[in-house]
Amino acid sequence: MSRTPPVSGSDRALTDRAVVARARWALMVQFGLFGVIGASWMSRLPSVREALGISASQLGLLLVVGGLGSLVSVVSAGAVVARFGSRTTLVVATAGNVVGFGLVALGTGTGGVVLFATGAFLNGVCGALTNVPINICAASVEQHVGRAILPHFHAAFSIGAACGALVAAAFSWAHVGITAQILVVTLAVTVARAVLVAPATALAPDRTAPARAAAPSGTTEPADDGAAPAHPTSPRRGAGVRAALAAWREPRTLLIGLVLLASSLSEGSAGNWLSIAVVDGFAVREALGAVAYGTFVGAMTVFRFAGTGLIDRFGRVAVLRASGVSALVGLLVFGLAPSLPLAWVGIVLWGCGAALANPVAIAAASDDPAHAAPRVAVATSFSTVAMLTAPPLLGLLVDQVGARHMLLVICAATVLSLAVAGQVRPLPRPAPHPVAAVPAEEPTR
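Quick caveat: nothing in here was measured; it's all calculated off a predicted structure.

Participant: Would you mind showing me how to read the overall build of the protein chain here?
Facilitator: In terms of regular secondary structure, the protein chain is built from 18 helices and 0 strands. Classification of the 445 residues of the protein chain by burial places 47% in the buried group. Long-range contacts, defined here as pairs at least 24 residues apart, represent 81% of the contacts in the protein chain between residues at least 6 apart. Carbon and sulfur atoms make up 68% of the accessible area of the protein chain, which amounts to about 20800 Å² in all.

Structural data, given as structure tokens:
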């Protein structure tokens, strides 16, 4: 009687590679869609202001409400992901965005400021609940691939944001109202996000870790192919909250958060003030200011794709330090240059320097899959604080010293990031269990 032939190692390897490939590309699209849905309506803020019948300063306060939603959510996102898993969190966040953007559209359609503010707050909450799990999943894919690819996901976000701006421009050119645009874009993005949730979260640490734990002692084979176990062990009540609170007491995690704070301050300030700084500082037309910001985004996106090989070759710490030096030199050149062509060189150096700090920090926070969720949530909370507080605080300096010289303030945060760059060094991995000897198989009878 012959035995059923076992699944060969090569077949298993092919299956694993297919799961990793699907997860990688699904996440690339998820990052891109995350950029699209945010930038598409933010690119039409003048239409939002007109629809609500408010001033620019009042609109700024409404946008801060969205930032407060992000801050509230990001503090608890680690506990939520640890308790319910990346897939469930991402599904709930996607559904919440439908409600949030629905309220935003209703607010712009009826002139309802309270409706708009409620929707903006809910979108801020759901934005953080999207950002944390997709970054955790992306870091897990990078660990499965075995080389630095996390910057590619952040490049996809940048490309998505650029596409969102183009979508907004197309709707505006066609004289389509902001309310209709929000509804159409939200519907299209939601359908795509929903389809891609399962493959994007297939390698999430909260799905694969229980399976690995169930692997028999003395073998290197995982218990499953990365899908959720049939009967996953339910986490103890309160375990996610305790893990989230514990991450706030870890010096390494907090210092990685400072790297993200500096990175977000650099990237976010360019988005808010670079075009204005070029227009005011060199007395040029608004279109040239927009091209300057486009140059910054282009340099950052290209370097996010090209810089992964540098991380593999030189390591995270060296790349983060080189990035910090490039950003610092770029900021100084831009802020102090006597002519626009020289300032443009500074913009390119600044964009290249801003490209890799964020993905490097996220990868460092995700080194241990068992604690990735709370650590990524804590680290990204620093990023949220920077995005929430920097625009109004920096805005106070614009009237005093001008937008171009105001941007030199970012140099202080960049120097701080350089000082703590050593914290992104990969954590030592535990030694694998010894492989047990496998007895020779009996010949078929």
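Participant: Just to check I follow, could you spell out the confidence of the model for the protein chain for this structure?
Facilitator: Do not read the fine detail of predicted coordinates wherever pLDDT is low. Overall, the prediction assigns the protein chain a mean pLDDT of 81, with 82% of residues at 70 or greater. Across the protein chain, the secondary-structure element scoring lowest on mean pLDDT is helix α8 (residues 205–213), at 51, and the one scoring highest is helix α13 (residues 316–336), at 95. A low-confidence stretch, residues 1–7 (pLDDT under 50), is modelled with 7 contacts involving residues beyond four sequence positions or located in other chains. Long-range and interchain partners of residues 208–235, a stretch whose pLDDT sits below 50, account for 30 contacts in this model, where long-range means more than four residues apart.

Participant: Can you help me understand unusual backbone geometry in this one?
Facilitator: Backbone phi values are negative for most residues with the exception of glycine, while trans is the configuration of most peptide bonds. Within the chain, H175 stands out as a residue other than glycine whose phi angle is a positive 60°. Classification of H175 by relative accessible area gives exposed; the value is 74%. The backbone phi angle of A283 is positive, close to 55°, even though this residue is not glycine. Residue placement: A283 occurs in the loop between α10 (251–282) and α11 (286–306).

Participant: Help me out: how do you make sense of the packing of helix α4 (residues 86–110) against helix α7 (residues 178–200) in this one?
Facilitator: It is the contact of α4 with α7, at a shortest axis distance of 9 Å, that shows an interaxial angle of 175°. As far as their axial angle goes, α7 and α4 are roughly antiparallel. The segment α4 lies against α7, with R87, L90, V91, T94, N97, V98, F101, V104, A105, T108 and G109 engaging I178, T179, I182, L183, T186, T190, R193, V197 and A198. For the contact of α4 with α7, the residue count by class is 11 nonpolar, 7 polar and 2 charged.

Participant: It is not clear to me how the nonpolar core should be interpreted in this structure. Could you clarify?
Facilitator: Where a protein is soluble and globular, its nonpolar side chains tend to be buried together. Counting 90 residues, the largest nonpolar core has F153, F296, F334 and W350 as its most contacted members. With 11 residues, the top contributor of residues to this core is α10. The residues contacting F334, other than those within four sequence positions of it, are L274, A277, V278, A343, G346, I347, W350, R404 and L407. Formed by 20 residues, the second largest nonpolar core is a distinct cluster that contains V36, I37, F116 and V189.

Participant: I'm lost on the environment of A180 in this one. Help?
Facilitator: Structurally, the position occupied by A180 is in helix α7. Placed 75 residues apart in sequence, A180 and A105 show a C-alpha to C-alpha distance of 7.6 Å.

Participant: Is there a simple way to think about the packing of aromatic side chains in this case?
Facilitator: Two descriptors summarise a pair of aromatic rings, namely the distance from one centre to the other and the angle between the planes of the rings. Inspection of the entire model under this criterion finds 7 aromatic pairs. Relative to F116, the ring of W41 has its centre 5.9 Å away and its plane inclined at 70°; by these criteria the two rings are edge-to-face. Taken together, the residues W41 in helix α1 (residues 9–42) and F116 in helix α5 (residues 113–145) connect sequence positions 75 residues apart. Summarising the burial analysis for this pair, W41 and F116 share the class buried. Their ring planes at 25° and their centres at 6.4 Å tell us that W248 and F382 sit as a pair that is stacked.

Participant: Is there a simple way to explain the packing of α4 against α5 in this structure?
Facilitator: A pair of packed helices is characterised by two quantities: the angle between their axes and the separation of those axes. In the contact formed by α4 and α5, the axes pass within 7 Å of each other and the chain directions differ by 155°. Considering their axes alone, α4 and α5 lie roughly antiparallel with respect to each other. Read as a crossing pair, α4 and α5 show a hand that is left-handed. Per-class residue counts for the contact of α4 with α5 are 16 nonpolar, 12 polar and no charged.

Participant: Help me understand the environment of G146, please; the structure alone is not making it clear to me.
Facilitator: Mapped onto the fold, G146 is located in the loop between α5 and α6 (150–173). Separated by 166 residues in sequence, G146 and D312 have C-alpha atoms that sit 9.4 Å apart.

Participant: Just to check I follow, could you spell out the pattern of salt bridges for this structure?
Facilitator: Two side chains that carry opposite charge are able to pair once their charged atoms sit near each other. A full pass over the atoms with the stated rule returns 4 salt bridges. For D367, the salt bridge goes to R252, with nearest N and O atoms at 3.1 Å. Of this pair, D367 sits in the loop between α15 (357–365) and α16 (372–401) while R252 sits in helix α10, and the two are 115 residues apart along the sequence. Take D367 and R252: they sit in the same class, and that class is buried. Measuring nitrogen to oxygen at the nearest pair gives 3.3 Å for the salt bridge that ties E267 to R304. Taken together, the residues span a long stretch of sequence, with E267 in helix α10 and R304 in helix α11 at a distance of 37 residues. By relative accessible area, which is 1% here, R304 ends up buried.

Participant: Even after reading the chapter, I still don't get the environment of T89, so can you show me in this structure?
Facilitator: Among the structural elements, T89 can be located in helix α4. By relative accessible area, which is 3% here, T89 ends up buried. Those residues within four positions of T89 in sequence are excluded, and the remaining contacts are V80, V81, L129 and P133.

Participant: Whenever I open this one, the side chain of T253 confuses me. Can you help?
Facilitator: With respect to the helices, strands and loops of the structure, T253 is situated in helix α10. For T253, a relative accessible area of 4% translates into the label buried. When residues no more than four places from it in sequence are discounted, the contact partners of T253 are A247, R375 and V378.

Participant: Any chance you could explain α4 here in plain terms?
Facilitator: Working note: α-helix, 3.6 residues per turn, so residues spaced by three or four point in the same direction. When the terminal C-alpha atoms of α4 are compared, their 36 Å separation across 25 residues agrees well with the 36 Å that a helix rising 1.5 Å per residue should span. Looking one or two places after α4, you find G111, whose phi comes out positive at around 75°.

Calculation notes
Residues numbered from 1 in each chain as written. Predicted model: local features only at pLDDT ≥ 70, side-chain atom pairs only at ≥ 80, totals over all residues. Heavy atoms only, no water. Helix = DSSP H or I, 4+ residues; strand = E, 2+ residues; numbered from the N terminus. Buried < 20%, exposed > 50% of the residue type's maximum accessible area, 1.4 Å probe, protein only. Contact = heavy atoms within 4.5 Å. Areas by Shrake-Rupley, 256 points an atom, 1.4 Å probe, with all protein chains shown as cover. pLDDT = per-residue confidence, 0-100. Axes fitted to C-alpha atoms, helices over the stretch in contact; angles between N-to-C directions. Parallel < 35°, antiparallel > 145°, perpendicular 65-115°, else oblique. Nonpolar A, V, L, I, M, F, W, Y, C, P; charged D, E, K, R; others polar. Core = buried A, V, L, I, M, F, W, Y, C linked by side-chain atoms within 4.5 Å. Phe/Tyr/Trp six-rings, centres within 6.5 Å; stacked < 30°, edge-to-face > 60°. Left-handed = near helix turned anticlockwise from the far one by under 90°. Salt bridge = Lys/Arg side-chain N within 4 Å of Asp/Glu carboxyl O. Expected span 1.5 Å × (residues − 1).

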